[in-house]
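Breakdown of the fold
The primary structure of each chain is shown beneath.
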Amino acid sequence: MKILFVASEGVPYSKTGGLADVSGALSVALVEAGHEVVVLLPKYRGTKTHTVTIPSLTIPVGDELRFPAIAEGASISGVRFFFVDDPSYFDRAQLYGEKGSDYHDNAERFTEFSRAAIEFTKHVWMPDVIHCHDWQTAMVPVLLRTLYAGDPALKGLPVVFTIHNLGYQGLFLHSTLQRIGLPETLFTVDALEFFGKLNFLKGGLIYADELTTVSKKYAAEIQTKEYGHGLEGVIRMRAGRLTGILNGVDYSAWSPEADKLIAANYSAHNLDGKRICKKDLLDTFKLPAENMTRPLIGIVSRFVDQKGFDIFAEVAAELMQENLAIIALGTGDPQYEKLFLALAQKFPAKVGVKIAYDNTIAHKIEAGADMFLMPSQYEPCGLNQIYSLRYGTVPVVRATGGLDDTIVQYNPKTGGGTGFKFDAYTGRALLECVRNAIRVFRDAAAWHAIQTIGMAKEFSWKPSAAAYVTVFEHARRARIPAASVTSN
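Counting restarts for each chain, with residues numbered from 1 along the sequence as it is written. In view of the model being predicted, local features appear only for residues whose pLDDT reaches at least 70, and side-chain atom pairs are presented and counted only at 80 or more, with totals across whole chains, interfaces and linings using the full set of residues. The side-chain values count all of the structure's non-hydrogen atoms but skip hydrogen atoms and water molecules.

Structural notes on the packing of helix 10 (residues 309-319) against helix 11 (residues 334-346)
To get an axis, a line is fitted to the C-alpha atoms, and for a helix only the part in contact is used. The angle between two axes follows their N-to-C directions and goes from 0 to 180 degrees. Numbering of helices and strands runs from the N terminus, with a helix taken as a DSSP run of H or I at least four residues long and a strand as a DSSP run of E at least two residues long. At a minimum axis separation of 11 Å, helix 10 and helix 11 run at an interaxial angle of 30°. Overall, the two elements helix 10 and helix 11 adopt an arrangement that is roughly parallel. Crossing hand, helix 10 versus helix 11: left-handed. Here Phe309, Asp310, Phe312, Ala313 and Ala316 of helix 10 come into contact with helix 11, specifically with Tyr336, Leu339, Phe340 and Leu343. Here the contact of helix 10 with helix 11 is composed, by residue class, of 8 nonpolar, no polar and 1 charged. The labels follow the angle: roughly parallel below 35 degrees, roughly antiparallel above 145, roughly perpendicular from 65 to 115, and oblique for the rest. Here a crossing is taken to be left-handed if its near helix is turned anticlockwise relative to the far helix by less than a right angle, and right-handed if that turn runs clockwise. Throughout, a residue-residue contact means that at least one pair of heavy atoms, one from each residue, lies within 4.5 Å. Residue polarity is assigned by list, with Asp, Glu, Lys and Arg as charged and Ala, Val, Leu, Ile, Met, Phe, Trp, Tyr, Cys and Pro as nonpolar; anything else, Gly included, falls into the polar class.

Considerations on the nonpolar core
Only buried residues count toward a nonpolar core, which is a set of Ala, Val, Leu, Ile, Met, Phe, Trp, Tyr and Cys residues joined through side-chain atoms within 4.5 Å. Three labels apply to residues, based on accessible area from a 1.4 Å probe with only protein chains included: buried if under 20% of the type maximum, exposed if over 50%, partly exposed otherwise in between. Residues Ile130, Phe161, Leu182, Leu192 and Phe200 are the most contacted members of the largest nonpolar core, which totals 66 residues. Looking at this core, the element that brings in the most residues is helix 3 (residues 106-123), giving 7 residues. Core analysis: the second largest hydrophobic core is formed by 40 residues, Val315, Val351, Phe422 and Ile450 among them.

A closer look at the sheet that holds strand 13 (residues 193-194)
On the basis of which strands lie adjacent, the open sheet formed by 3 strands has the order 12-14-13 and antiparallel pairing. The sheet terminates laterally at strand 12 (171-172) and strand 13, the two strands that pair on one side only. Should DSSP find at least two bridges between two strands, the strands are taken to pair. With 2 bridges joining them, strand 13 and strand 14 (residues 197-199) adopt antiparallel strand pairing. Bridged to phenylalanine 194 within strand 14 is lysine 197.

Regarding the packing of helix 9 (residues 272-284) against helix 12 (residues 359-368)
As a packed pair, helix 9 and helix 12 sit with axes 8 Å apart at the nearest point and diverge in direction by 130°. Overall, the two elements helix 9 and helix 12 adopt an arrangement that is oblique. Relative to helix 12, the crossing made by helix 9 is left-handed. Residues Lys274, Cys277, Lys278, Asp280, Leu281 and Thr284 of helix 9 pack against Lys364, Ile365, Glu366, Ala367 and Gly368 of helix 12. For the contact of helix 9 with helix 12, the residue count by class is 4 nonpolar, 2 polar and 5 charged.

Some words on the packing of aromatic side chains
Only centres within 6.5 Å qualify two rings of Phe, Tyr or Trp (six-membered ring in Trp) as a pair; their planes then separate them into stacked at under 30 degrees, edge-to-face at over 60, and tilted for everything else. Using the criterion set out here, one finds 26 aromatic pairs in the structure. Both rings, one in tyrosine 44 and one in phenylalanine 90, keep their centres 5.9 Å apart while their planes meet at 85°; by these two values the pair is edge-to-face. Of this pair, tyrosine 44 sits in the loop between strand 2 (36-42) and strand 3 (51-54) while phenylalanine 90 sits in helix 2 (residues 87-90), and the two are 46 residues apart along the sequence. Here phenylalanine 90 falls in the buried class, since its relative accessible area comes to 0%. Taking the centre distance of 5.2 Å and the plane angle of 80° together, the rings of phenylalanine 441 and tryptophan 447 count as edge-to-face. Grouping residues by exposure puts phenylalanine 441 and tryptophan 447 together as buried. Charge-over-ring placement is defined geometrically: NZ (Lys) or CZ (Arg) within 6 Å of the ring centre, and within 35 degrees of the ring normal. One residue, arginine 66, lies across the ring of tyrosine 89, its end atom 3.6 Å from the ring centre. Sitting above the plane of the tyrosine 251 ring, arginine 390 keeps its charged end 3.9 Å from the centroid.

Okay, structure coming up:
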(Lines give C-alpha, C1' and ligand atoms only; values in the text may rest on other atoms or scores of the structure.)
Protein backbone atom coordinates (compact mmCIF):
# COMPACT_ATOMS: atom_id res chain seq x y z
CA MET A 1 0.00 0.00 0.00
CA LYS A 2 1.15 3.57 -0.71
CA ILE A 3 0.54 5.68 2.41
CA LEU A 4 0.92 9.46 2.70
CA PHE A 5 1.37 10.81 6.23
CA VAL A 6 0.36 14.46 6.57
CA ALA A 7 1.49 15.85 9.93
CA SER A 8 2.50 19.16 11.46
CA GLU A 9 5.60 17.62 13.07
CA GLY A 10 7.70 14.48 12.80
CA VAL A 11 11.05 13.22 14.08
CA PRO A 12 13.84 13.67 13.25
CA TYR A 13 12.86 16.96 11.58
CA SER A 14 10.51 18.69 14.03
CA LYS A 15 9.01 17.97 17.42
CA THR A 16 7.01 19.49 20.26
CA GLY A 17 5.39 16.29 21.56
CA GLY A 18 4.35 12.68 21.06
CA LEU A 19 2.75 13.34 17.67
CA ALA A 20 6.24 13.75 16.20
CA ASP A 21 7.35 10.41 17.64
CA VAL A 22 4.31 8.66 16.20
CA SER A 23 4.64 10.08 12.69
CA GLY A 24 8.34 9.19 12.73
CA ALA A 25 8.15 5.70 14.23
CA LEU A 26 4.85 4.43 12.78
CA SER A 27 5.95 5.34 9.26
CA VAL A 28 9.14 3.29 9.71
CA ALA A 29 7.17 0.32 11.08
CA LEU A 30 4.87 0.44 8.04
CA VAL A 31 7.87 0.43 5.69
CA GLU A 32 9.29 -2.55 7.58
CA ALA A 33 5.95 -4.29 6.99
CA GLY A 34 6.37 -3.83 3.23
CA HIS A 35 4.44 -0.64 2.55
CA GLU A 36 5.61 2.51 0.78
CA VAL A 37 5.40 5.59 3.01
CA VAL A 38 5.90 9.30 2.34
CA VAL A 39 5.69 11.86 5.17
CA LEU A 40 4.75 15.47 4.33
CA LEU A 41 5.68 18.13 6.89
CA PRO A 42 5.96 21.92 6.95
CA LYS A 43 9.51 23.17 6.35
CA TYR A 44 10.24 24.83 9.66
CA ARG A 45 13.31 26.89 10.54
CA GLY A 46 16.41 24.72 10.50
CA THR A 47 14.94 21.92 8.38
CA LYS A 48 17.50 20.72 5.84
CA THR A 49 16.30 19.68 2.38
CA HIS A 50 18.29 18.63 -0.68
CA THR A 51 15.92 18.79 -3.68
CA VAL A 52 13.24 21.22 -4.82
CA THR A 53 10.55 18.95 -6.27
CA ILE A 54 8.11 21.71 -7.26
CA PRO A 55 9.38 25.31 -7.23
CA SER A 56 5.92 26.81 -6.84
CA LEU A 57 2.38 25.61 -6.17
CA THR A 58 -0.52 28.05 -6.51
CA ILE A 59 -2.53 27.82 -3.31
CA PRO A 60 -5.52 30.09 -2.62
CA VAL A 61 -5.92 31.05 1.04
CA GLY A 62 -8.99 33.24 1.25
CA ASP A 63 -8.58 36.20 -1.11
CA GLU A 64 -4.83 35.67 -1.33
CA LEU A 65 -2.74 33.45 -3.59
CA ARG A 66 0.34 31.87 -2.06
CA PHE A 67 3.13 30.02 -3.81
CA PRO A 68 4.81 27.43 -1.55
CA ALA A 69 7.43 25.06 -2.92
CA ILE A 70 7.68 21.33 -2.32
CA ALA A 71 11.13 20.15 -1.23
CA GLU A 72 12.50 16.71 -0.40
CA GLY A 73 14.71 15.89 2.58
CA ALA A 74 16.79 12.90 3.53
CA SER A 75 15.01 9.56 3.70
CA ILE A 76 14.99 7.83 7.09
CA SER A 77 14.85 4.03 7.30
CA GLY A 78 13.12 3.83 3.94
CA VAL A 79 10.61 6.63 4.66
CA ARG A 80 10.72 9.56 2.22
CA PHE A 81 10.21 13.05 3.68
CA PHE A 82 8.83 15.99 1.71
CA PHE A 83 8.18 19.53 2.95
CA VAL A 84 5.84 22.42 2.20
CA ASP A 85 8.20 25.38 1.97
CA ASP A 86 6.67 28.80 2.61
CA PRO A 87 9.17 30.80 4.71
CA SER A 88 6.78 33.57 5.77
CA TYR A 89 4.46 30.96 7.28
CA PHE A 90 6.87 28.33 8.60
CA ASP A 91 10.35 29.83 9.03
CA ARG A 92 9.61 31.00 12.57
CA ALA A 93 11.14 30.57 16.03
CA GLN A 94 8.60 27.91 17.05
CA LEU A 95 6.10 25.58 15.39
CA TYR A 96 2.76 26.88 16.68
CA GLY A 97 3.38 30.00 18.75
CA GLU A 98 5.68 31.94 21.05
CA LYS A 99 5.65 33.23 24.64
CA GLY A 100 2.54 31.25 25.55
CA SER A 101 0.45 32.53 22.63
CA ASP A 102 -0.48 30.83 19.38
CA TYR A 103 0.51 32.50 16.13
CA HIS A 104 -2.38 34.71 14.98
CA ASP A 105 -2.42 33.13 11.51
CA ASN A 106 -2.34 29.43 12.46
CA ALA A 107 -5.63 28.86 10.64
CA GLU A 108 -4.17 30.23 7.41
CA ARG A 109 -0.82 28.47 7.87
CA PHE A 110 -2.31 25.01 8.28
CA THR A 111 -5.04 25.51 5.69
CA GLU A 112 -2.29 26.28 3.16
CA PHE A 113 -0.41 23.21 4.37
CA SER A 114 -3.53 21.04 3.93
CA ARG A 115 -4.23 22.39 0.44
CA ALA A 116 -0.60 21.83 -0.49
CA ALA A 117 -0.91 18.23 0.71
CA ILE A 118 -3.81 17.64 -1.66
CA GLU A 119 -1.92 19.24 -4.55
CA PHE A 120 1.07 17.06 -3.63
CA THR A 121 -1.00 13.95 -4.36
CA LYS A 122 -1.87 15.31 -7.83
CA HIS A 123 1.56 16.57 -8.86
CA VAL A 124 4.15 14.50 -6.97
CA TRP A 125 2.91 11.21 -5.50
CA MET A 126 -0.58 9.70 -5.49
CA PRO A 127 -1.09 7.43 -2.46
CA ASP A 128 -3.66 4.73 -1.79
CA VAL A 129 -4.58 6.44 1.48
CA ILE A 130 -3.81 9.69 3.31
CA HIS A 131 -3.16 9.50 7.05
CA CYS A 132 -3.76 12.85 8.77
CA HIS A 133 -2.86 13.76 12.34
CA ASP A 134 -4.58 16.24 14.70
CA TRP A 135 -6.29 19.54 13.99
CA GLN A 136 -3.45 21.04 11.97
CA THR A 137 -4.23 18.61 9.12
CA ALA A 138 -7.99 18.32 9.59
CA MET A 139 -8.63 20.56 6.58
CA VAL A 140 -7.35 17.79 4.28
CA PRO A 141 -10.55 15.68 4.53
CA VAL A 142 -12.71 18.82 4.71
CA LEU A 143 -11.25 20.23 1.49
CA LEU A 144 -11.25 16.86 -0.30
CA ARG A 145 -14.97 16.36 0.32
CA THR A 146 -16.02 19.96 -0.38
CA LEU A 147 -13.93 22.23 -2.63
CA TYR A 148 -12.17 19.29 -4.32
CA ALA A 149 -15.22 17.01 -4.43
CA GLY A 150 -15.60 17.38 -8.20
CA ASP A 151 -12.00 16.41 -9.00
CA PRO A 152 -12.15 12.89 -10.52
CA ALA A 153 -8.49 12.22 -9.62
CA LEU A 154 -9.30 12.61 -5.91
CA LYS A 155 -12.78 11.14 -5.60
CA GLY A 156 -11.55 7.70 -4.56
CA LEU A 157 -8.75 8.92 -2.26
CA PRO A 158 -9.52 7.83 1.33
CA VAL A 159 -8.46 9.71 4.47
CA VAL A 160 -7.77 8.27 7.92
CA PHE A 161 -7.68 10.88 10.69
CA THR A 162 -5.91 10.27 14.01
CA ILE A 163 -6.77 12.14 17.22
CA HIS A 164 -3.65 12.40 19.36
CA ASN A 165 -5.20 14.76 21.92
CA LEU A 166 -8.81 15.91 21.74
CA GLY A 167 -7.99 18.83 24.02
CA TYR A 168 -6.35 20.67 21.11
CA GLN A 169 -8.98 21.42 18.47
CA GLY A 170 -7.95 24.40 16.36
CA LEU A 171 -10.66 26.85 17.45
CA PHE A 172 -10.97 30.13 15.56
CA LEU A 173 -13.40 33.00 15.14
CA HIS A 174 -16.26 32.66 12.64
CA SER A 175 -14.59 35.33 10.46
CA THR A 176 -11.65 32.95 9.91
CA LEU A 177 -13.84 30.92 7.54
CA GLN A 178 -13.63 33.66 4.91
CA ARG A 179 -9.90 34.23 5.53
CA ILE A 180 -9.11 30.59 4.72
CA GLY A 181 -11.43 30.48 1.71
CA LEU A 182 -14.16 28.11 2.86
CA PRO A 183 -17.83 28.71 2.01
CA GLU A 184 -20.29 29.94 4.60
CA THR A 185 -22.34 26.78 4.02
CA LEU A 186 -19.76 24.89 6.11
CA PHE A 187 -20.49 27.02 9.18
CA THR A 188 -23.27 24.77 10.47
CA VAL A 189 -23.65 22.44 13.43
CA ASP A 190 -23.38 19.50 11.00
CA ALA A 191 -20.03 20.74 9.69
CA LEU A 192 -17.44 23.11 11.24
CA GLU A 193 -19.48 25.33 13.56
CA PHE A 194 -18.78 24.77 17.28
CA PHE A 195 -20.55 27.06 19.80
CA GLY A 196 -20.19 30.03 17.45
CA LYS A 197 -16.59 29.29 16.50
CA LEU A 198 -14.84 27.48 13.67
CA ASN A 199 -13.47 24.09 14.79
CA PHE A 200 -10.84 22.46 12.57
CA LEU A 201 -10.74 19.19 14.50
CA LYS A 202 -14.51 18.77 14.19
CA GLY A 203 -14.10 18.97 10.42
CA GLY A 204 -11.61 16.11 10.50
CA LEU A 205 -13.95 14.01 12.65
CA ILE A 206 -16.87 14.52 10.28
CA TYR A 207 -15.23 14.32 6.85
CA ALA A 208 -12.56 11.59 7.28
CA ASP A 209 -13.40 8.07 6.15
CA GLU A 210 -11.98 6.40 9.28
CA LEU A 211 -10.93 7.74 12.68
CA THR A 212 -8.34 6.45 15.10
CA THR A 213 -7.01 7.50 18.46
CA VAL A 214 -4.05 6.35 20.45
CA SER A 215 -5.48 3.85 22.95
CA LYS A 216 -8.64 1.78 23.33
CA LYS A 217 -9.51 3.35 26.67
CA TYR A 218 -9.18 6.87 25.24
CA ALA A 219 -11.41 5.90 22.29
CA ALA A 220 -14.12 5.07 24.82
CA GLU A 221 -13.43 8.06 27.09
CA ILE A 222 -13.75 10.71 24.37
CA GLN A 223 -17.33 9.60 23.77
CA THR A 224 -18.22 10.87 27.26
CA LYS A 225 -18.89 14.41 28.47
CA GLU A 226 -15.99 14.21 30.94
CA TYR A 227 -13.37 13.66 28.25
CA GLY A 228 -15.10 14.76 25.03
CA HIS A 229 -14.25 18.48 25.24
CA GLY A 230 -17.63 19.29 23.71
CA LEU A 231 -17.19 16.92 20.74
CA GLU A 232 -18.46 13.75 22.42
CA GLY A 233 -21.70 13.87 20.40
CA VAL A 234 -19.82 14.04 17.10
CA ILE A 235 -17.53 11.21 18.16
CA ARG A 236 -20.45 9.03 19.29
CA MET A 237 -22.08 9.68 15.90
CA ARG A 238 -18.94 8.36 14.18
CA ALA A 239 -18.11 5.67 16.76
CA GLY A 240 -18.57 2.93 14.16
CA ARG A 241 -15.59 4.40 12.29
CA LEU A 242 -13.40 4.96 15.39
CA THR A 243 -10.59 2.56 16.37
CA GLY A 244 -8.29 2.84 19.38
CA ILE A 245 -4.73 1.75 18.53
CA LEU A 246 -2.08 2.00 21.22
CA ASN A 247 1.09 3.84 20.28
CA GLY A 248 4.23 1.76 20.13
CA VAL A 249 7.67 2.50 21.51
CA ASP A 250 11.00 2.75 19.72
CA TYR A 251 13.06 0.33 21.80
CA SER A 252 16.18 1.14 19.79
CA ALA A 253 16.13 4.51 21.60
CA TRP A 254 14.48 3.49 24.88
CA SER A 255 16.01 0.33 26.31
CA PRO A 256 18.41 0.01 29.28
CA GLU A 257 20.40 -2.71 27.52
CA ALA A 258 21.60 -0.37 24.77
CA ASP A 259 20.93 3.20 25.99
CA LYS A 260 24.08 5.27 25.46
CA LEU A 261 22.80 8.20 27.55
CA ILE A 262 22.76 6.41 30.92
CA ALA A 263 25.57 5.67 33.37
CA ALA A 264 25.38 1.88 33.10
CA ASN A 265 23.46 -0.59 30.97
CA TYR A 266 21.39 -3.31 32.58
CA SER A 267 18.61 -5.80 31.90
CA ALA A 268 15.90 -7.77 33.67
CA HIS A 269 18.45 -10.56 34.18
CA ASN A 270 20.90 -8.27 35.95
CA LEU A 271 19.65 -5.04 37.51
CA ASP A 272 23.00 -4.04 39.07
CA GLY A 273 23.42 -1.24 36.53
CA LYS A 274 20.17 0.38 37.69
CA ARG A 275 21.74 1.14 41.07
CA ILE A 276 24.65 2.84 39.30
CA CYS A 277 22.13 4.86 37.27
CA LYS A 278 20.33 5.92 40.46
CA LYS A 279 23.60 7.18 41.98
CA ASP A 280 24.39 9.02 38.73
CA LEU A 281 20.94 10.65 38.67
CA LEU A 282 21.31 11.82 42.26
CA ASP A 283 24.76 13.21 41.47
CA THR A 284 23.40 15.00 38.40
CA PHE A 285 20.90 16.83 40.60
CA LYS A 286 23.36 17.19 43.50
CA LEU A 287 21.20 15.19 45.90
CA PRO A 288 22.94 13.36 48.76
CA ALA A 289 23.71 9.63 48.77
CA GLU A 290 21.26 9.06 51.64
CA ASN A 291 18.57 8.96 48.92
CA MET A 292 19.96 5.65 47.65
CA THR A 293 17.82 3.89 50.27
CA ARG A 294 14.73 6.03 49.69
CA PRO A 295 12.26 5.43 46.85
CA LEU A 296 13.18 7.96 44.16
CA ILE A 297 10.20 9.24 42.15
CA GLY A 298 10.91 10.51 38.64
CA ILE A 299 8.78 13.00 36.70
CA VAL A 300 9.31 14.01 33.06
CA SER A 301 6.37 16.06 31.86
CA ARG A 302 4.76 19.25 30.74
CA PHE A 303 3.75 20.99 33.97
CA VAL A 304 0.08 21.61 33.16
CA ASP A 305 -3.31 20.70 34.60
CA GLN A 306 -3.86 17.93 32.04
CA LYS A 307 -0.83 16.10 33.43
CA GLY A 308 -2.28 16.13 36.95
CA PHE A 309 -0.17 18.80 38.58
CA ASP A 310 -3.20 20.51 40.10
CA ILE A 311 -3.88 17.44 42.27
CA PHE A 312 -0.14 16.98 42.85
CA ALA A 313 -0.05 20.53 44.22
CA GLU A 314 -2.92 19.71 46.62
CA VAL A 315 -0.82 17.10 48.44
CA ALA A 316 2.76 18.18 47.71
CA ALA A 317 3.37 19.17 51.33
CA GLU A 318 2.10 15.79 52.61
CA LEU A 319 4.10 13.89 49.98
CA MET A 320 7.27 15.53 51.22
CA GLN A 321 6.60 14.19 54.74
CA GLU A 322 7.06 10.68 53.34
CA ASN A 323 10.47 9.02 53.23
CA LEU A 324 10.99 9.62 49.50
CA ALA A 325 12.88 11.77 47.02
CA ILE A 326 11.61 13.43 43.83
CA ILE A 327 13.39 14.47 40.66
CA ALA A 328 11.33 16.44 38.12
CA LEU A 329 12.15 17.59 34.60
CA GLY A 330 9.85 19.73 32.48
CA THR A 331 8.35 23.09 31.65
CA GLY A 332 4.83 24.46 31.65
CA ASP A 333 2.52 26.69 33.65
CA PRO A 334 4.50 29.16 35.79
CA GLN A 335 2.54 28.16 38.91
CA TYR A 336 3.76 24.57 38.67
CA GLU A 337 7.30 25.53 37.74
CA LYS A 338 7.34 27.72 40.87
CA LEU A 339 5.86 24.86 42.92
CA PHE A 340 8.69 22.50 42.03
CA LEU A 341 11.36 25.16 42.51
CA ALA A 342 9.88 25.98 45.94
CA LEU A 343 9.91 22.29 46.91
CA ALA A 344 13.55 22.02 45.85
CA GLN A 345 14.41 25.09 47.91
CA LYS A 346 12.54 23.86 51.00
CA PHE A 347 13.73 20.24 50.72
CA PRO A 348 17.16 20.52 49.07
CA ALA A 349 18.19 17.03 50.18
CA LYS A 350 15.09 15.35 48.75
CA VAL A 351 13.98 17.27 45.63
CA GLY A 352 15.83 17.96 42.39
CA VAL A 353 14.27 20.03 39.59
CA LYS A 354 15.25 21.21 36.13
CA ILE A 355 12.87 23.57 34.35
CA ALA A 356 13.66 22.53 30.78
CA TYR A 357 13.31 19.66 28.39
CA ASP A 358 16.55 17.72 28.21
CA ASN A 359 16.58 14.38 26.38
CA THR A 360 19.72 13.10 28.11
CA ILE A 361 18.33 13.83 31.57
CA ALA A 362 14.99 12.28 30.57
CA HIS A 363 16.87 9.03 29.86
CA LYS A 364 18.77 9.33 33.14
CA ILE A 365 15.48 9.72 35.04
CA GLU A 366 13.93 6.70 33.35
CA ALA A 367 16.98 4.60 34.26
CA GLY A 368 17.77 6.01 37.71
CA ALA A 369 14.37 6.49 39.34
CA ASP A 370 12.60 3.76 41.28
CA MET A 371 9.12 4.99 40.39
CA PHE A 372 7.70 7.18 37.63
CA LEU A 373 4.72 9.40 38.46
CA MET A 374 2.00 10.25 35.89
CA PRO A 375 -1.16 11.49 37.67
CA SER A 376 -2.82 12.72 34.47
CA GLN A 377 -6.32 14.16 34.32
CA TYR A 378 -6.47 12.50 30.92
CA GLU A 379 -3.78 10.77 28.86
CA PRO A 380 -4.63 9.67 25.31
CA CYS A 381 -1.75 7.20 25.26
CA GLY A 382 1.35 8.26 27.14
CA LEU A 383 4.82 6.97 26.35
CA ASN A 384 6.83 7.56 29.51
CA GLN A 385 4.96 4.90 31.45
CA ILE A 386 5.87 2.41 28.69
CA TYR A 387 9.50 3.54 28.72
CA SER A 388 9.46 3.16 32.51
CA LEU A 389 8.32 -0.46 32.30
CA ARG A 390 11.31 -1.36 30.14
CA TYR A 391 13.72 0.44 32.51
CA GLY A 392 12.37 -1.33 35.61
CA THR A 393 11.06 2.00 36.90
CA VAL A 394 7.66 1.19 38.36
CA PRO A 395 4.85 3.45 37.07
CA VAL A 396 2.48 5.19 39.49
CA VAL A 397 -0.37 6.47 37.33
CA ARG A 398 -3.98 7.54 37.22
CA ALA A 399 -6.20 4.92 35.55
CA THR A 400 -7.10 6.91 32.45
CA GLY A 401 -6.58 6.48 28.70
CA GLY A 402 -3.40 4.74 27.67
CA LEU A 403 -2.13 4.70 31.26
CA ASP A 404 -4.96 2.36 32.19
CA ASP A 405 -4.43 0.26 29.04
CA THR A 406 -0.71 -0.28 29.62
CA ILE A 407 -0.28 -0.61 33.40
CA VAL A 408 -1.59 -3.57 35.42
CA GLN A 409 -2.32 -2.83 39.08
CA TYR A 410 -0.03 -4.70 41.48
CA ASN A 411 -1.83 -7.50 43.30
CA PRO A 412 -0.22 -8.32 46.67
CA LYS A 413 -2.00 -11.70 46.82
CA THR A 414 -0.62 -13.01 43.54
CA GLY A 415 2.49 -10.83 43.19
CA GLY A 416 1.33 -9.95 39.67
CA GLY A 417 1.08 -6.51 38.12
CA THR A 418 3.38 -3.89 36.66
CA GLY A 419 2.61 -0.73 38.63
CA PHE A 420 0.20 1.23 40.80
CA LYS A 421 -3.00 2.99 39.68
CA PHE A 422 -5.63 5.25 41.24
CA ASP A 423 -9.06 6.14 39.86
CA ALA A 424 -10.43 9.27 41.51
CA TYR A 425 -8.94 12.50 40.21
CA THR A 426 -8.07 13.87 43.65
CA GLY A 427 -4.92 14.70 45.52
CA ARG A 428 -5.95 12.27 48.27
CA ALA A 429 -6.18 9.35 45.80
CA LEU A 430 -2.76 10.25 44.37
CA LEU A 431 -1.21 10.43 47.86
CA GLU A 432 -2.63 7.05 48.94
CA CYS A 433 -1.41 5.43 45.70
CA VAL A 434 2.14 6.75 46.27
CA ARG A 435 2.02 5.57 49.90
CA ASN A 436 0.97 2.11 48.73
CA ALA A 437 3.86 2.01 46.27
CA ILE A 438 6.29 3.03 49.03
CA ARG A 439 5.04 0.21 51.27
CA VAL A 440 5.66 -2.35 48.53
CA PHE A 441 9.06 -0.79 47.75
CA ARG A 442 10.21 -1.80 51.24
CA ASP A 443 9.68 -5.46 50.25
CA ALA A 444 12.70 -5.99 48.01
CA ALA A 445 11.51 -9.33 46.60
CA ALA A 446 8.03 -8.02 45.72
CA TRP A 447 9.52 -4.90 44.13
CA HIS A 448 11.98 -6.94 42.06
CA ALA A 449 9.09 -9.07 40.80
CA ILE A 450 7.13 -5.97 39.69
CA GLN A 451 10.21 -4.65 37.91
CA THR A 452 10.95 -7.84 35.99
CA ILE A 453 7.31 -8.40 34.98
CA GLY A 454 7.19 -4.85 33.60
CA MET A 455 10.53 -5.17 31.80
CA ALA A 456 9.21 -8.22 29.94
CA LYS A 457 6.22 -6.30 28.51
CA GLU A 458 6.39 -5.57 24.80
CA PHE A 459 4.88 -2.44 23.25
CA SER A 460 6.66 -2.36 19.91
CA TRP A 461 5.23 -0.65 16.81
CA LYS A 462 4.79 -3.89 14.85
CA PRO A 463 1.28 -4.84 16.12
CA SER A 464 0.18 -1.20 16.08
CA ALA A 465 1.30 -0.83 12.45
CA ALA A 466 -0.69 -3.95 11.52
CA ALA A 467 -3.79 -2.48 13.18
CA TYR A 468 -3.36 0.76 11.21
CA VAL A 469 -3.10 -1.21 7.96
CA THR A 470 -6.48 -2.79 8.75
CA VAL A 471 -7.96 0.69 9.24
CA PHE A 472 -6.38 1.91 5.98
CA GLU A 473 -7.98 -1.02 4.14
CA HIS A 474 -11.38 -0.21 5.70
CA ALA A 475 -11.01 3.38 4.52
CA ARG A 476 -10.25 2.26 0.98
CA ARG A 477 -13.30 0.01 0.92
CA ALA A 478 -15.45 2.85 2.24
CA ARG A 479 -14.28 5.11 -0.60
CA ILE A 480 -14.05 2.61 -3.47
CA PRO A 481 -16.37 -0.33 -4.27
CA ALA A 482 -14.98 -3.40 -2.51
CA ALA A 483 -14.55 -5.38 -5.74
CA SER A 484 -12.00 -2.86 -7.03
CA VAL A 485 -9.82 -2.82 -3.92
CA THR A 486 -6.92 -5.23 -3.67
CA SER A 487 -4.33 -5.39 -0.92
CA ASN A 488 -0.71 -5.44 -1.95
